[in-house]
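Observations on chain architecture
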Amino acid sequence: MDCPCRSGLPYENCCGPVIAGETVASTPEALMRSRFTAFTRNEMAHLRESMVEEHREEFHEDDIRRWNKETDWLDLEILEASENGDEGMVRFRATFRHKGGTQRLTERSSFVRREGRWYYLDGEHETETVRNESPKVGRNDPCPCGSGKKFKKCCAGR
């Protein structure tokens, strides 16, 4: 299976060993990719442990898990990545579907290396709604899910 981070590598040769704790991410970009993959796989332990220790108290696993349950992660695009000594930056765009709407999250994430290991420090982001290009479904039209019911009696309320 290809890795969800879109590196083109199999999961077992990409983010899998990092998420499993078998190896450490060699660059800020590798850590960013593993964090994206952790979201796609609900690997909350990796998300928490890959944060700097002083920010872990801000990690509310139940809230993140609840939000993530309603989210389909679609794509990751690395826009820019750099390292300077023990500091790193990755600018990325993640596309996801949440509660029926497609969104893009563009973030500039900061990373630090401590004792040879990279950690996520923080990020500045903006979210934009992506317009769906498909035609709008009318309330009395057949539901696009294929149930045979009218849209208003099926998926319109979801």
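You'll find the structure just up there.
On a predicted model such as this, the values are computed, not experimentally measured, just so you know. (Residues numbered from 1 in each chain as written. Predicted model: local features only at pLDDT ≥ 70, side-chain atom pairs only at ≥ 80, totals over all residues. Heavy atoms only, no water.)

Looking now at the environment of Thr-27. Looking at where Thr-27 falls in the secondary structure, it is placed in the loop between helix H1 (15-19) and helix H2 (28-41). The exposure class of Thr-27 is partly exposed, given its relative accessible area of 25%. Thr-27 sits 61 residues away from Gly-88 along the chain, and the two C-alpha atoms are 8.1 Å apart. Among all residues touching Thr-27, those that are not within four sequence positions of it are Glu-83 and Trp-118. Among the polar contacts listed, one links the side chain of Thr-27 to the backbone nitrogen of Ala-30, at a separation of 3.0 Å. (Helix = DSSP H or I, 4+ residues; strand = E, 2+ residues; numbered from the N terminus. Buried < 20%, exposed > 50% of the residue type's maximum accessible area, 1.4 Å probe, protein only. Contact = heavy atoms within 4.5 Å. Polar contact = N/O pair within 3.5 Å; in protein donor to acceptor, adjacent residues only side chain to side chain.)

Below, the discussion takes up the nonpolar core. Judged by nonpolar contacts, the single largest core of 26 residues is most densely connected at Cys-3, Cys-5, Cys-15, Met-32, Phe-36, Phe-92 and Phe-111. At the level of elements, H1, H2, helix H3 (44-49), strand S1 (71-84), strand S2 (87-98), strand S3 (101-114) and strand S4 (117-129) are the ones that each hand at least two residues to this core. With sequence-adjacent residues up to four places away left out, Phe-111 is seen in contact with Pro-28, Leu-31, Met-32, Asp-86, Glu-87, Gly-88, Val-90, Trp-118, Tyr-119, Tyr-120 and Leu-121. (Core = buried A, V, L, I, M, F, W, Y, C linked by side-chain atoms within 4.5 Å.)

A cluster of basic side chains, namely Arg-139, Lys-150, Lys-152 and Lys-153, defines a positive patch on the protein surface. Take Arg-139: its relative accessible area is 57%, and that puts it in the exposed class. (Patch = residues over 30% accessible without salt bridge, like charges linked within 9 Å, V, L, I, M, F, W, Y side chains within 5 Å. Areas by Shrake-Rupley, 256 points an atom, 1.4 Å probe, with all protein chains shown as cover. Salt bridge = Lys/Arg side-chain N within 4 Å of Asp/Glu carboxyl O. Lys, Arg positive; Asp, Glu negative; His and termini not counted. Charge placed at Lys NZ, Arg CZ, Asp CG, Glu CD.)

Following the criterion strictly, the structure yields 6 aromatic pairs and no others. With 5.7 Å between their ring centres and 80 degrees between their planes, Phe-36 and Trp-73 make a pair best called edge-to-face. Linking Phe-36 in helix H2 with Trp-73 in strand S1, this pair joins segments that are 37 residues apart in sequence. Among the residues examined, Trp-73 registers a relative accessible area of 18% and is labelled buried. Between Trp-67 and Phe-96, the aromatic rings sit 5.7 Å apart at their centres with planes inclined by 65 degrees, giving edge-to-face as the arrangement. Highlighted residues: Trp-67 in helix H4 (residues 61-69) and Phe-96 in strand S2, separated in sequence by 29 residues. By relative accessible area, Trp-67 is classed as partly exposed at 34%. Connected via pairs of aromatic rings, a cluster forms that spans Phe-36, Phe-39, Trp-67, Trp-73 and Phe-96. The residue whose ring lies beneath Arg-35 is Tyr-120, and the NZ or CZ to ring-centre distance is 4.3 Å. Over the ring of Tyr-11 we find Arg-41, and its NZ or CZ is 4.0 Å from the ring centre. (Phe/Tyr/Trp six-rings, centres within 6.5 Å; stacked < 30°, edge-to-face > 60°. Lys NZ or Arg CZ within 6 Å of the ring centre and 35° of its normal.)

From the geometry alone we can't say anything about function, so treat these as descriptive.
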